[in-house]
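Residue-level structural notes
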Amino acid sequence: MGIPVETAVSNSAAAIAGCGALCANGSGLEPLRHALASNASALQRRQFIIGKTSQSVVAGFVPDESLRQLRAADPVHADSRAFLFAVAALNQAAKNTGEILDSIPAARRGFVLSTTKANIEALDKLVRRQSVSPVAQRQIQPAFLAADLAGQLGCRGPVQCVSLACISGLSALQQGAALIRRGQSDAVFVAGVDLISQFVLSGFNSLKSLDPEGCRPFDKARIGLSLGEGAAAIVLVKSELLSSPPILLSGWSTSNDANHLTGPSRDGLGLALAIQRALAKAQITPDKIDYINAHGTGTPYNDNMELLALRSVFGGRVPPFSSSKGIFGHTLGAAGILETVLCVLALQNNLLPGTPRLREPDPLAPESLLGEPRAATKLRCVLKINCGFGGTNAALVLQRPLP
Amino acid sequence: MNDLVIQAASYLGPEGFGNDLTGLRPWPPPFKQNLSRGELGCLHWSLLSDSDPSRFLRMDLMCRLGFMAAELLAVNFDAMPGVRRDRLGVCVESFTGSLDADIRFAQTPRPSIFAYTLPSTVIGEVCIRFRLKGPVLSLISPVTHGPGAIAEAVEWLRNNDAEMTLCLGIEAMNPSTEHSISLPKNLSPRGWHGAALLLGPPENSPREKPFATGALVDVCRKLCSAPERTC
């Protein structure tokens, strides 16, 4: 009666070999390191067309100068910002990975893209009957964007495209780690990208989810989120390929609230379930977590749900936690990967990130909520969580083993 | 885990609908093969389900197809007390994804459409309907639809991340939406259909006789790989 299933499993752990980022803070890891240490916010106010009217929006826009340089370097993709952003982050990650990539054949290099809307602004232009290049139109389709990016990097191994709302990034990292664990790839490029566009702004504006003054995650007076745009990339490799003690993806999980399409659950139990499963997969107990990078969008319901989930898992001993959305905004499909890059920098620098733009903490928030960055004596185990539309939740455990 | 069975399977497309892998029942009139806006509504819902159609009628086409495919499985999860809802996963794969809703939202931004501009929204709808709380994944695939989701489901089951997994392969585009915009050829939709497979170990099967009539890959190809296929 049963159908035999053949699988080839290497059981190799996935380690982070290199990172890259392009976001409101600029291009590269140095602007992020600076933001991490200074708790600075890169959110800006700009006029944007939403529907048929020009409105003032506070969001994390990629700096114009960064975009100008990318377009000058690659005129063929000048009107596909999603491609340009992702390539910029991926090239940085490849460079930071170094020579180890040279020893991995193209067929053993996988690629996983995380995005919610890919090059969506090309669709906006098509609807308005504006001129759009064929390549920009092609990259409306997320799978084609993934294929083009994999081709650009010379990855000839498995190519996947994950589009799972705001947990896409963590889900893509999970898929990348799974490709290595299964023995299907020795290295996997995992990239996340999304744009601020009329489409996305109109959507969140119609749901009345945006804070006109900029987001304040976990603040008593929070009223909404701030969007962000950009790309982030992480190169995962088999841990045995790295000589120094690497940062490992040691546990991960996803879950669903089965509650509401656009709103989080009221009890946080779905997110708590994802966290508990990720901890179990990492084979650690909750007290081993040194820091939690929360989803922390700044909407009243999301942040409240997260606080309940953290209480549910950690009881009265919630580890230090913070939200990074005040730094670069909510970058949607890029968020999970960009915020994981920030966690990697935190681990490398023994620094607990703060929560920029926080003024007065929500009374429900545990005292371990970090308003300002804080030096850590030991930072070995970090939990990253994200939640999204459709009741989706994701958790990822990063561990730096003892030397 | 070495043994898996297809515990339930369903398909619906222009040719009809079915859930026994042997043939399809044709849609009753006035159903048209080239699906216009408003089709796949109450009439067809009532053929498949006795639940309240009001939520269904708010959905976009992708969610309707995924929802109907899941409903058509005719699996009573409540009658499976041995299987925990938080151990039931959902994995969806599509090429077209939410493009239909994307185009409609770009033309007329309304909050009721925005919720459906994500290819993963169907996961939320199905999870709410059946109260499934296990792992979730949504893949956009360039050349196939379905088998990638099934491969991931097999991994979840093998790794004990889930006890059972619902796989959905969906392609959805209203011709009226497609004709309202000049889409590049390579973005053109590839027909429309919804297919669902419930995978798990034999001991959890909700059916007296789980499907085990051939290699998994053959069934995947039959159910999910070609919208033009005949059953």
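These numbers come from a predicted model, not from an experiment. (Residues numbered from 1 in each chain as written. Chains lettered and ligands numbered in written order. Predicted model: local features only at pLDDT ≥ 70, side-chain atom pairs only at ≥ 80, totals over all residues.)

**Some points on unusual backbone geometry**
Residue and element names in this part refer to chain A. Rules: Each helix is a run of DSSP H or I of at least 4 residues and each strand a run of E of at least 2, with the numbering of both proceeding from the N terminus.
Phi at Lys208 is positive, roughly 55°, even though this residue is not glycine. Along the chain, Lys208 falls in the loop between helix H8 (198-206) and strand E9 (230-238). Phi is positive for Gln283, which is not a glycine, with a value near 60°. Within the secondary structure, Gln283 is located in the loop between helix H9 (269-282) and strand E11 (291-294).

**Observations concerning the nonpolar core**
Residues and elements named next belong to chain A. Inclusion rule: For our purposes the nonpolar core covers buried Ala, Val, Leu, Ile, Met, Phe, Trp, Tyr and Cys residues that link as a set through C-beta atoms within 7 Å. Here a residue counts as buried when 20 or more other C-beta atoms fall within 10 Å of its C-beta, as exposed when 12 or fewer do, and as partly exposed in between; the C-beta atoms come from the backbone. For each domain, the first and last residues come from an automatic or database assignment.
Core analysis: the biggest nonpolar cluster contains 211 residues, and Ala89, Leu149, Ala191, Ala233 and Leu236 have the highest contact counts within it. Per-element tally for this core: the top contributor is helix H3 (residues 81-97), with 11 residues. Mapping this core onto the domain boundaries places at least three of its residues in each of domain 1 (14-241) and domain 2 (247-399).

**Things to note about the confidence of the model for chain A**
This is how it is decided: The pLDDT score gives, residue by residue, the confidence of the prediction method on a 0 to 100 scale. By the convention adopted here, residues are in contact when the distance between their C-beta atoms, placed from the backbone, does not exceed 7 Å.
Across chain A, the average pLDDT comes to 94, with 97% of residues at 70 or higher. For residues 1-8 of chain A, every residue scores under 50 in pLDDT, and the model assigns this stretch 24 contacts once sequence neighbours within four places are set aside.

**Description of the pairing of strand E5 (residues 53-59) of chain A**
Residues and elements named next belong to chain A. To be explicit about the condition: Note: two strands are recorded as paired if DSSP finds a minimum of 2 bridges between them.
Here strand E4 (residues 44-50) runs beside E5; their pairing, made up of seven bridges, is antiparallel. Within E5, the position partnered with Ile49 by the bridge is Ser54. Counted between consecutive antiparallel strands, the loop separating E4 from E5 contains two residues, among which Gly51 sits at a positive phi close to 70°.

**Considering the interface of chain A and chain B**
Going by this rule: Three residue categories are used. Nonpolar comprises Ala, Val, Leu, Ile, Met, Phe, Trp, Tyr, Cys and Pro, charged comprises Asp, Glu, Lys and Arg, and polar comprises the others, including Gly.
Across the boundary between the two partners, chain A contributes 48 residues, which contact 51 residues of chain B. For the side of chain A that touches chain B, the per-class residue count stands at 24 nonpolar, 22 polar and two charged.

**Topic: the packing of H9 of chain A against helix H10 (residues 300-314) of chain A**
All names here are of chain A. Rules: Lines fitted to the C-alpha atoms define the axes, with helices restricted to the stretch that makes contact. Angles between their N-to-C directions range from 0 to 180 degrees. Angles are sorted into four bins: roughly parallel if under 35 degrees, roughly antiparallel if over 145, roughly perpendicular if 65 to 115, and oblique for all others. Here a crossing is called left-handed whenever its near helix is offset anticlockwise from the far helix by less than a right angle, and right-handed whenever the offset is clockwise.
Closest axis-to-axis distance for the H9/H10 pair is 8 Å, and the angle between their directions is 45°. If you check the angle between H9 and H10, you find them oblique. By crossing handedness, the relation of H9 to H10 is classed as right-handed. Taking contact as the criterion, the partners of Leu269, Leu271, Ala272, Ile275 and Gln276 in H9 are, on H10, Met305, Glu306, Ala309, Ser312 and Val313. Along the lines of polarity and charge, the residues of the contact of H9 with H10 split into seven nonpolar, two polar and one charged.

**Structural notes on the domain arrangement of chain A**
Residues and elements named next belong to chain A. What the domain assignment lists for chain A is domain 1 (14-241) and domain 2 (247-399). Put simply, the middle of domain 1 and the middle of domain 2, counted by C-alpha atoms, are 20 Å apart. Contacts between domain 1 and domain 2 engage 67 residues on the former and 59 residues on the latter. Elements with a contribution of two residues or more to the side of domain 1 that touches domain 2: strand E2 (14-23), helix H1 (29-38), helix H7 (168-181), strand E8 (187-194) and E9. A total of eight residues in the side of domain 1 that touches domain 2 trace back to one element, the largest contributor, which is H7. Across the side of domain 1 that touches domain 2, the residue classes tally to 40 nonpolar, 19 polar and eight charged.

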